[in-house]
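Structure at a glance
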Amino acid sequence: MTRRLQAVRDPKLEARVIERLAMVYEDGPSDEEDRPPHVRAASGLSVFREYLAVIQDDANWLALIDSEQRVLAVPLPPGPSGARTFSSERGNQDDKYDLEACITVPGKGGLELIGFSSGSRAGREWILRVCEDSASPDPNDLKAEFIEANRFYEALRSNTDFCGSGLNVEGAVAIDQERIMLFQRGNAEPCGGLEPVDSTAEISWPALAAHLADPEGVAPPPLENVTAYDLGSLDGVRLTFSDAEHLGGGRILYSASAEDSESDRIAGSVLGVIEPHGRVCWTELTDQDGTAFRGKIEGLTRDVHDSSKMHFVIDDDDAEVPSEIYAAILSERFFSAAAG
């Protein structure tokens with residue numbers, strides 16, 4: 001039987017924004033490479049090598065942010081039509097890869113950045129693999145490929161305890177060298193007697209790597225430890241998962257956003273902790289001016305130099321405005337066990 005956990009608001013948790021940066025590419029736009037001037041729709045974030053790596057759901061470009069806050073644009077393989085940017089104005093919106101989560105894992109030749117499509121519909125069932133070249137520090141020497149992962153996503157979709165009424169992978173965490181935890185966002189409409197569900201499940205990274213190397217000959221990894229969550233609500237709007245990060249000690253930091261599906265109103269975002277013993281608690285994020293943060297967090301990761309600091313990206317659903325990356329400070333309560 002699937003375990004179900006109830007999240008509670010914890011007044012002792014605190015998270016405060018301290019910095020923000022509009023992600024404008026250092027090299028500007030390029031018609032030849034189909035590169036926009038900025039990150040259009042940030043959807044996932046991970047520390048990769050010495051960079052903060054940002055994926056997008058409507059552009060096949062990887063943004064790498066260095067220690068000087070320069071935003072480098074690394075081209076990913078284009079779509080079948082040759083486009084790297086997708087929009088309704090172009091008429092190719094349905095061709096987008098819809099990357100929604102990314103993590104860094106060990107690979108054969110060094111680190112790999114793995115990106116997951118949402119799986120929310122046919123055509124959005126891709127896994128991105130970006131491999132480093134240990135002999136070259138140049139980010140332009142990264143090797144990237146998109147792998148069609150229909151069997152993998154079909155396996156996710158067939159587990160209704162995990163996907164509920166509609167699959168939508170929004171987050172991922174590398175728990176250790178061999179295990180990945182996937183986060184499902186429960187924002188689908190009820191369908192076929194099923195309700196939307198926010199959930200997590202674990203898969204084996206070596207097993208997934210073997211499947212991606214031979215999708216027809218090797219079965220996708222099974223889902224393990226499926227857990228469903230009631231994340232609560234913010235300003236009357238239901239909270240749903242958007243990403244997560246490993247805090248150490250068995251604790252998982254997660255983000256959840258409150259988006260009204262009927263009006264598209266964003267009530268805000270929260271940061272929470274899933275503790276090893278099953279307690280789930282959260283707090284509303286505070287902006288730099290002391291007010292409640294009203295943005296929609298899309299991806300998050302920890303700072304490699306300051307354990308109390310984390311970075312997150314948001315998407316305002318406006319491709320003409322650069323997506324922003326933020327830094328926030330977490331209170332000690334995020335890292336210590338809470339009673340009850």
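Keep in mind that what you see is a predicted model, and the values were worked out from it rather than measured.

Turning to the environment of glutamate 320, a few remarks are in order. Counting through the fold element by element, glutamate 320 comes out in the loop between β21 (309–314) and β22 (324–330). Spatially, the C-alpha atom of glutamate 320 lies 9.4 Å from that of proline 36, the residues being 284 residues apart in sequence.

This part takes up helix α3 (residues 205–213). Burial in α3 covers these residues: Trp205, Leu208, Ala209, His211 and Leu212. The arc that holds every buried residue of α3, seen down its axis, measures 160°, which confines them to one face.

This part takes up unusual backbone geometry. Among all residues except glycine, the phi angle is most often negative; among peptide bonds, the trans geometry is most common. For aspartate 98, which is not glycine, the phi dihedral falls at a positive 55°. Along the chain, aspartate 98 falls in the loop between β6 (71–75) and β7 (99–106). Judged by its relative accessible area of 5%, aspartate 98 falls in the buried class. Residue asparagine 225 is not a glycine yet carries a positive backbone phi of 50°. Topologically, asparagine 225 is positioned in strand β14 (residues 224–230).

Read across the sheet, four strands follow the order β3-β4-β5-β6 without closing on themselves; strand pairing throughout is antiparallel. Whereas interior strands pair on both sides, the edge strands pair on one side only; in this sheet they are β3 (42–48) and β6. Between one strand and the next, the sheet's axes are offset by a mean angle of 25°, whatever the strand orientation. Alignment of β3 against strand β4 (residues 51–56), held across six bridges, turns out to be antiparallel. When the bridges of β4 are listed, glycine 44 appears paired with isoleucine 55.

What follows covers helix α1 (residues 150–158). What α1 keeps buried is the set Phe152, Tyr153 and Leu156. Buried residues along α1 cover an arc of 90° about the axis, so they all sit on one side.

What follows covers the sheet that holds strand β2 (residues 15–22). Backbone hydrogen bonds are what pair the strands of a sheet, in a parallel or an antiparallel way. A sheet is described by the order of its strands in space; here four strands give the open sequence β2-β22-β21-β20, paired in antiparallel fashion. Only two strands of the sheet have a single partner each, and these edge strands are β2 and β20 (297–302). Neighbour-to-neighbour, the strand axes of the sheet open up by a mean angle of 25°, direction not taken into account. Pairing analysis gives five bridges linking β20 to β21, with the strands arranged antiparallel. Within β21, the position partnered with isoleucine 297 by the bridge is isoleucine 314.

On to the pairing of β22. Within β22, six of the seven residues are buried, which leaves the element mostly enclosed by the surrounding structure. Pairing of β2 with β22, which is carried by seven bridges, proceeds in the antiparallel orientation. Within the sheet, the bridge partner assigned to valine 17 lies in β22 and is alanine 328. Bridging between β21 and β22 involves six bridges; their strand directions are antiparallel. Paired with phenylalanine 312 across the strands is tyrosine 326, a residue of β22.

A separate point is the side chain of serine 43. In this fold, serine 43 is placed in strand β3. Here serine 43 falls in the buried class, since its relative accessible area comes to 0%. Among the polar contacts made by the side chain of serine 43, one reaches the main-chain carbonyl oxygen of leucine 99 at a distance of 2.6 Å. Look past the residues within four positions of serine 43 in its chain and what remains in contact with it is Ile55, Gln56, Asp57, Leu99, Glu100, Ala101, Glu298 and Gly299.

All chains considered together, the criterion is met by zero disulfides. Cysteine cysteine 131 remains unbridged, with the sulfur of cysteine 102 as its closest cysteine sulfur at 14 Å. Cysteine 163 carries a free sulfur, and the closest cysteine sulfur to it, the one in cysteine 191, is 10 Å from it.

About the thresholds
Residue positions are counted from 1 within each chain, in the order its sequence is given. In keeping with the predicted nature of the model, local features appear solely for residues at pLDDT of at least 70, side-chain atom pairs appear and are counted solely at 80 or more, and the whole-chain, interface and lining totals rest on all residues. Remark: hydrogens and water are excluded; side-chain values derive from all non-hydrogen atoms of the structure. Helix numbers and strand numbers start at the N terminus; a helix is a DSSP run of H or I with at least 4 residues, a strand a run of E with at least 2. Exposure is judged per residue with a 1.4 Å probe applied to protein chains only, and the accessible area is read against the type maximum: over 50% gives exposed, under 20% gives buried, and values in between give partly exposed. Taking the helix axis as origin, the arc is that swept by the directions to the C-beta atoms. Pairing between two strands requires that DSSP report at least two bridges joining them. Angular values range over 0 to 180 degrees, each being the angle between N-to-C directions of two axes fitted as lines to C-alpha atoms, with helices fitted over their stretch in contact. Here a polar contact is recorded for every N or O atom pair within 3.5 Å, except that within protein the pair must consist of a potential hydrogen donor and a potential acceptor, and residues adjacent in sequence are included only if both atoms are side-chain atoms. A contact between two residues is defined here by any heavy atoms of the two lying within 4.5 Å. Two cysteine sulfur atoms make up a disulfide if the distance between them is within 2.5 Å.

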